Amino acid sequence: HTQTHTHTHKWKRRPQADTSTNADEHLDPMLGGQRSVIVSNVLLIVAAAASPLNRAAARGRYMFTTSGITGHRRLDTLGVRRRFGFRCGVKNGQRQQPPHTITRIQASSMQQTEMQTKVKVVEETWLWRGYNVSWTAQGPSDGQPLLLIHGFGLSSKNFRSNMPALAEAGYRVYALDLLGLGGSEKPQLQYSTQLWTDQASDFVSEVIRRPTVLVGNSLGSLVSLKAATERKTLETTSAVDTNPLVKGIVLLNCASGMNSKIDDPSGVMIEAWKLAVFKVLFAVLEAILRSPLAAALFKNLRDPESIKNVLKNVYTINPHRVDDELVEPIIQAANDPGAFEAFVSILTGPPGPRPETLMNQPPNVPILVLWGDQDFITELNGPVGSKFQQLAASEVISERDLKFVVLEKAGHCPHDDDPDTVNSQIIQWLASLSK
């Protein structure tokens, strides 16, 4: 059963890493919060599929990241990062202070609850700007609409255990595949956060046509947040009344950008010399992505076992959920025409707005933030997570407007790794909005 604890507690500094261990277990010089899901997740898969270390990864000994090799299943990122003064993405190695109060949710049991009642599923294609976009829907047609938006490299099928539960709770649940990903068309164009924000907003306007709560994971969270900050309204027949396009947002481990390119002109998050180093590293990465080597590596994304070996490190509660049902849509999307070109365009394009910047002028809708504390891609106490925690603890925003919940033991995809807990939190929060 899910248990909720709200309490005041002291935050302790992480234990110091054992510097006597072999150096190859501490080769993570990247800034923690800057390793956005896009580069980390996808190149994690590519590297594991292409590298001779793939067999070691299967044994849980090593794990590839874009910033090096980390020892064992759990990431100990303190080794090299401490030498360079990188601590949770905060300038001068000083950890940002978390809030004094925080809601922590224990993981549910390993055996997830299966929906007993069959819910009618609608699967359709929507023509948007001349391109085919795949979407699906479940639940009563008169229920409060929810739009679920997936992360990079995934699709609407990643919400396999969320849509039925939310539909059973009385909500009309939609999920669409972002252009260039999943089952949607993959045209050769410049992908951006703004493009996907426009896609999500137009879907609400043209297909749902009612004020909608957006629920996003990782990149999908960033798209949801961006859509909410634009404060668009639905067209109505009344010249006086206007309905907001976005009624609320749920952010699951929000990504820091469309890719891992770092843009910090203010110098708040990272010192100038460190920023220069990272820009050089990303320039090298971009050169590789534009070379013939990238195409060869991308082909290995079609290997099911390689993908499973990597995803099991992301699914920290229920690794058994990394199954064929999860992996097959990833392989199918990788085989679609234009998939490689979309992959390169996304990873080499502009990173887009950061959540911290967007939250400097928060959207005027309620926000629920759910964050797995074992997420090594967008860390709980990295720049993005810290920003939301600070806002949630401040008196500027009420708990009704911004609620922050830590999901204990959960990783980057808590909605599919521990769906019972996430579904329960979303349903409880939605119910509280109507009170």
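Just above sits the structure.
On a predicted model such as this, the values are computed, not experimentally measured, just so you know.

Despite not being glycine, R129 has its phi angle at roughly 55 degrees, a positive value. With respect to the element layout, R129 can be found in the loop between strand 5 (121-128) and strand 6 (131-138). Even without glycine at this site, R209 takes up a positive phi of about 60 degrees. With respect to the element layout, R209 can be found in the loop between helix 5 (193-208) and strand 9 (212-217). When its relative accessible area of 61% is taken as the criterion, R209 is described as exposed.

Here we take up the pattern of salt bridges. Applying the stated criterion to the full structure yields 13 salt bridges. Between D198 and K232 there is a salt bridge, with its nearest N and O atoms 3.9 Å apart. Pair noted here: D198 is in helix 5 and K232 is in the loop between helix 6 (219-229) and strand 10 (233-234), with a separation of 34 residues, a long-range link. Under the relative-accessibility criterion, D198 is labelled buried at 14%. Through salt bridges with shared partners, one network takes in R129, D198, K226, E230 and K232.

Turning our eyes to something else, we now look at the nonpolar core. Core analysis: the largest hydrophobic core is formed by 58 residues, its most contacted members being W135, L147, W196, F203 and F388. Here the element with the most residues in this core is helix 5; it accounts for seven residues. In this structure, L147 is in contact with Y174, A175, L176, A200, F203, V204, I208, T212, V213, L214 and V215, ignoring residues within four places of it in sequence. Residues V215, L368, V422 and I426 belong to the second largest nonpolar core, which totals 24 residues.

Reading guide: rules and limits
Residues numbered from 1 in each chain as written. Predicted model: local features only at pLDDT ≥ 70, side-chain atom pairs only at ≥ 80, totals over all residues. Heavy atoms only, no water. Helix = DSSP H or I, 4+ residues; strand = E, 2+ residues; numbered from the N terminus. Buried < 20%, exposed > 50% of the residue type's maximum accessible area, 1.4 Å probe, protein only. Salt bridge = Lys/Arg side-chain N within 4 Å of Asp/Glu carboxyl O. Core = buried A, V, L, I, M, F, W, Y, C linked by side-chain atoms within 4.5 Å. Contact = heavy atoms within 4.5 Å.

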